[in-house]
Amino acid sequence: MSATNSPAAAPAEAVPVNSTPAEQPAASSNDSTPNTSLYVGELDPAVTEAMLFEIFNMIGPVASIRVCRDAVTRRSLGYAYVNFLNSADGERALEQLNYSLIRGRPCRIMWSQRDPALRRTGQGNIFIKNLDGNIDNKALHDTFAAFGNILSCKVAVGENGSLGYGFVHYETAEAADAAIKHVNGMLLNDKKVYVGHHIPKKERIAKIEEARSKFTNVYCKNIDLEVTQEQFEELFTKFGEVTSCVLSVDDEGKSRGFGFVNFAKHDDAQKAVDELNDSDFHGQKLFVARAQKKSEREEELRRSYEAAKNEKLSQYQGVNLYLKNIPESYDDERLREEFAPFGTITSCKIMRAPSGVSRGFGFVCYSAPDEANKAVAEMNGKMLDNRPLYVALAQRKDVRRQQLEAQIMQRNQLRLQQQAAAQGMGYPGPGMYYPQPGFPGQPGGMVPRPRYAPAGMMPQGMPMAPYGQAPAQFPAGMMPQGYRPPRPPRGGPSAAGPAPPAGARPPAGVNGAPRGQPIPGQPMPPRGAAGRPAGMPEVGQPTLTAAALAKASPEEQKQMLGEAIYPKISATQPELAGKLTGMILELPVTELLHLLEENEALDAKVNEALQVLKEFETAEEPAGADAGAAEEKTEA
């Protein structure tokens, strides 16, 4: 790629910075403290700290690396910060690694600094458009580096590649003026490009609005199809000089009912709009307004649609109820009968699939907020056909998503704080710390280690030591403070050592007596049905509480409820307890809690599951189905 008539000077040393809000601007060369932090952008979401360490550690010793991630999903945001121990290594990394491929994508490296003053002033920032699609960040940088020190350089890209425009931010305004002078109007890859000073978005919008207010082109529709071109032009010429007047026609020459009129002066166009709009012409009311581009009309329609939508939602705020866990036998009329005692219902609907089957949720709208609040208080949790009904005020989808994200974030922060408290240290830092050779108390090898990393989050390639032992890279007696070994797998050997071999004598209990045997001279405590002392809970079965369920994930909730329901079913159906428990666990959590409290309801569900199981096995036997396959299908 080459710029016609552009100077062939060698590229100047780049000191890049960010040009987007998510990025940080460069450090000024006048700073007293040398900058050692680099911004690395345009990263693939799969790039991790360990991958970046392997790349940048080849340049020089790395102090820390942090890949910025979403607070809720923990997904990479596509950029990271790499901190070196000295600025010379950062300069070499910038020179050698900028625009290099990382997982097939060219990265963009710049100096990082928190102060955004240089970027916000816009001094030295230029805008280039009509770029060829093959021009990328590196090609744009190589072209414009001849005019001065570049702070930032970026080509805007979309889903299908380059969008045809980009930005270059120079250290000085003189360099930007030189680039505009020599490149504007020249050919880059056989395309004539425009280069000019970057105008902030607010100023661009202000200029566009000013130009729109001085319009001269007028759009007219709802024109009678019998109106001719001469009649249409005569309608507007009385307001002033008309430079062009076009009545749109189809291929056969028939009027399409709309047209455009361009006046020589804005005042004449404004007067025509004011007098002709909503006026009667040949028996039809005309629509006359300023002519708009298609994108402008679409944006205006989108804004009006959003405004109408928000107005409608605010109208039903506090009076519309959301219901779920509705019995399948209920229809709209029966649901209305249940909620009619609490006030005047304006609408009531159960949502259904295209086949007509109820989807289990619906909406009830009242005429006043106090009626809706009363219905929520009375009907939430009420049993309908042995199913607890859920009732709450209806919310917009984006509001529910924001609330869920806030709850997840709060839960994650609480979990991290609990982990930090259990490890005996402060709140875990977001970055990765890499010790360097020669540091006091560290081995000589360059082995990456996460700073305050939780168990199981070791960098790639690092061996995981057995539970209770220090990793191989930590010499004896030099395990770092706060290191927490990973937990052993369930059922595996613990930190105390491997499980005793078969036939080994169990360890002694109190006073030397074997575990589980009575102590001589002491009465044996009464035993329950499960062979444990009466009144004592079963080992490994924690007490099931609402607080514990609220903190658990959906999978953990099912497991906890299954552990509580299984003993009750096993008392009457020991052979089919596992299968029946799996079938019953398909019910919602609220109904499972009800079954735990009401033994009669649990027995009814067990009998219902037995009947279903019996019918299924009866239907499968004539077809010669394998018993094991039938069992798997029933559990599924």
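Residues numbered from 1 in each chain as written. Predicted model: local features only at pLDDT ≥ 70, side-chain atom pairs only at ≥ 80, totals over all residues. Heavy atoms only, no water.

In the nomenclature of an unreviewed UniProt entry, the chain is known as Polyadenylate-binding protein of Pseudozyma flocculosa. Entered under Function (unreviewed entry) in the UniProt record, the comment concerning the chain runs "Binds the poly(A) tail of mRNA." What the UniProt record of the chain gives under Sequence similarities (unreviewed entry) is the line "Belongs to the polyadenylate-binding protein type-1 family." (UniProt positions renumbered as here; feature names shortened; annotations may be inferred.)

Attention now moves to a negative patch on the surface. Residues Glu597, Glu598, Glu600 and Asp603 make up a contiguous surface patch of negative charge. Turning to its location among the elements, Glu597 is positioned in helix H16 (residues 589-597). The exposed category is assigned to Glu597, whose relative accessible area is 64%. (Patch = residues over 30% accessible without salt bridge, like charges linked within 9 Å, V, L, I, M, F, W, Y side chains within 5 Å. Areas by Shrake-Rupley, 256 points an atom, 1.4 Å probe, with all protein chains shown as cover. Salt bridge = Lys/Arg side-chain N within 4 Å of Asp/Glu carboxyl O. Lys, Arg positive; Asp, Glu negative; His and termini not counted. Charge placed at Lys NZ, Arg CZ, Asp CG, Glu CD. Helix = DSSP H or I, 4+ residues; strand = E, 2+ residues; numbered from the N terminus. Buried < 20%, exposed > 50% of the residue type's maximum accessible area, 1.4 Å probe, protein only.)

Most peptide bonds take the trans configuration, and most residues that are not glycine carry a negative phi. Although it is not a glycine, His282 sits at a positive phi angle of roughly 55 degrees. Secondary-structure assignment places His282 in the loop between strand S16 (280-281) and strand S17 (284-285). For Asp385, which is not a glycine, the phi torsion comes out positive at approximately 55 degrees. Structurally, Asp385 is set in the loop between strand S22 (383-384) and strand S23 (387-388).

What follows covers the pattern of salt bridges. Considering all chains together, one arrives at 15 salt bridges under this definition. Where Lys138 meets Asp142, a salt bridge forms, and the shortest distance between an N and an O atom there is 3.2 Å. With Lys138 and Asp142 both in helix H4 (residues 137-144) and 4 residues apart, this pair spans about one turn of that helix. Overall, the relative accessible area of 40% leaves Lys138 in the partly exposed class. Take Asp142: its relative accessible area is 39%, and that puts it in the partly exposed class. Put simply, Glu299 and Arg302 hold a salt bridge, and the shortest N to O gap is 2.6 Å. Taken as a pair, Glu299 and Arg302 lie in helix H9 (residues 294-315) at a separation of 3 residues, close to a single helical turn.

What follows concerns the nonpolar core. Counting residues in each nonpolar core, the largest one holds 23 residues, and the members touching the most others are Ile126, Ile128, Leu140, Phe144, Val168, Tyr170 and Val195. Of all the elements in the fold, those that place two or more residues in this core are strand S7 (125-129), H4, strand S8 (150-158), strand S9 (161-170) and helix H5 (173-183). Ranked by residues supplied to this core, first place goes to H5 with 5 residues. Counting residues in each nonpolar core, the second largest holds 22 residues, with Val40, Val47, Leu52 and Phe56 among its members. (Core = buried A, V, L, I, M, F, W, Y, C linked by side-chain atoms within 4.5 Å.)

Turning next to the sheet that holds strand S19 (residues 320-324). Spatial ordering of the open sheet is given by S20-S21-S19-S24, a layout of 4 strands whose pairing is antiparallel. In this open sheet, the two strands that pair with only one neighbour each are strand S20 (345-352) and strand S24 (390-393). Pairwise comparison of adjacent strand axes, ignoring direction, gives a mean angle of 20 degrees for this sheet. Pairing of S19 with strand S21 (residues 358-366), which is carried by 5 bridges, proceeds in the antiparallel orientation. Bridge pairing in S21 places Lys324 opposite Phe361. Lying on the sheet, helix H10 (residues 332-339) is in contact with S19, S20, S21 and S24; it crosses S20 at an angle near 135 degrees. Running over the sheet, helix H11 (residues 369-379) touches S19, S21 and S24 and is turned about 155 degrees from S24. (Pairing = 2+ DSSP bridges. Axes fitted to C-alpha atoms, helices over the stretch in contact; angles between N-to-C directions. Contact = heavy atoms within 4.5 Å.)

Along the polypeptide, Arg108 turns up in strand S6 (residues 108-111). Of the polar contacts made by the side chain of Arg108, one reaches the side chain of Glu42; its length is 3.4 Å. (Polar contact = N/O pair within 3.5 Å; in protein donor to acceptor, adjacent residues only side chain to side chain.)

Further remarks concern the pairing of S21. As judged from the 6 bridges shared by S20 and S21, these two strands associate in the antiparallel manner. Note that in S21 the partner of Ile345 across the bridge is Tyr366. Between S20 and S21, which follow one another and run antiparallel, lie 5 residues, and Gly356 among them has a positive phi close to 95 degrees.

A turn of α-helix holds 3.6 residues, and therefore any two residues three or four places apart point the same way. All buried positions along helix H2 (residues 87-97) are accounted for by Asp89, Gly90, Ala93, Leu94 and Leu97. Relative to the axis of H2, the buried residues are bounded by an arc of 140 degrees and lie together on one face. The exposed set on the far side of H2, more than 90 degrees from its buried face, consists of Glu95 and Gln96. In this fold, the buried residues of H2 make contact with strand S1 (37-41), helix H1 (49-56), strand S3 (76-84) and S6. (Arc of directions from axis to C-beta.)

Moving on: the sheet that holds S7. One open sheet holds the 4 strands; their spatial order is S8-S9-S7-S12, and the pairing between them is antiparallel. In this open sheet, the two edge strands, each paired with only one partner strand, are S8 and strand S12 (194-197). Each strand of the sheet is rotated relative to its neighbour by a mean of 20 degrees, with strand direction disregarded. In the sheet, S7 pairs with S9 via 5 bridges, with the strands oriented antiparallel. Counted as the bridge partner of Phe127 is Phe167 from S9. Strands in contact with H4 are S7, S8, S9 and S12; relative to S8, the strand with the most contacts, it is inclined by about 145 degrees. The strands touched by H5 within the sheet are S7, S9 and S12, with S12 carrying the most contacts at an inclination of about 155 degrees.

Mapped onto the elements, Leu43 comes out in the loop between S1 and H1. Counting along the chain gives 33 residues from Leu43 to Ser76, while the straight-line C-alpha distance between them is 8.7 Å.

We now examine the side chain of Ser37. Within the secondary structure, Ser37 sits in strand S1. Beyond its immediate stretch of four places on either side in the chain, Ser37 contacts Tyr81, Val82, Asn83, Met110, Trp111 and Ser112.

At a closest axis distance of 9 Å, the pairing of helix H14 (residues 554-572) and helix H15 (residues 577-584) adopts a crossing angle of 135 degrees. In terms of their interaxial angle, H14 and H15 are classed as oblique. In this structure, the crossing between H14 and H15 has a hand that is right-handed. Here H14 contributes Gly562, Tyr566, Ile569 and Ser570 to the contact with H15, which in turn contributes Ala577, Gly578, Leu580, Thr581 and Ile584. Here the contact of H14 with H15 is composed, by residue class, of 5 nonpolar, 4 polar and no charged. (Parallel < 35°, antiparallel > 145°, perpendicular 65-115°, else oblique. Left-handed = near helix turned anticlockwise from the far one by under 90°. Nonpolar A, V, L, I, M, F, W, Y, C, P; charged D, E, K, R; others polar.)

Turning our attention to the packing of H14 against H16. In the contact formed by H14 and H16, the axes pass within 11 Å of each other and the chain directions differ by 25 degrees. In terms of their interaxial angle, H14 and H16 are classed as roughly parallel. Note on packing geometry: the crossing formed by H14 with H16 is left-handed. Residues Gln557, Lys558, Leu561, Ala564, Ile565 and Lys568 of H14 pack against Val589, Leu592, Leu593 and Leu596 of H16. Considered class by class, the residues forming the contact of H14 with H16 number 7 nonpolar, 1 polar and 2 charged.

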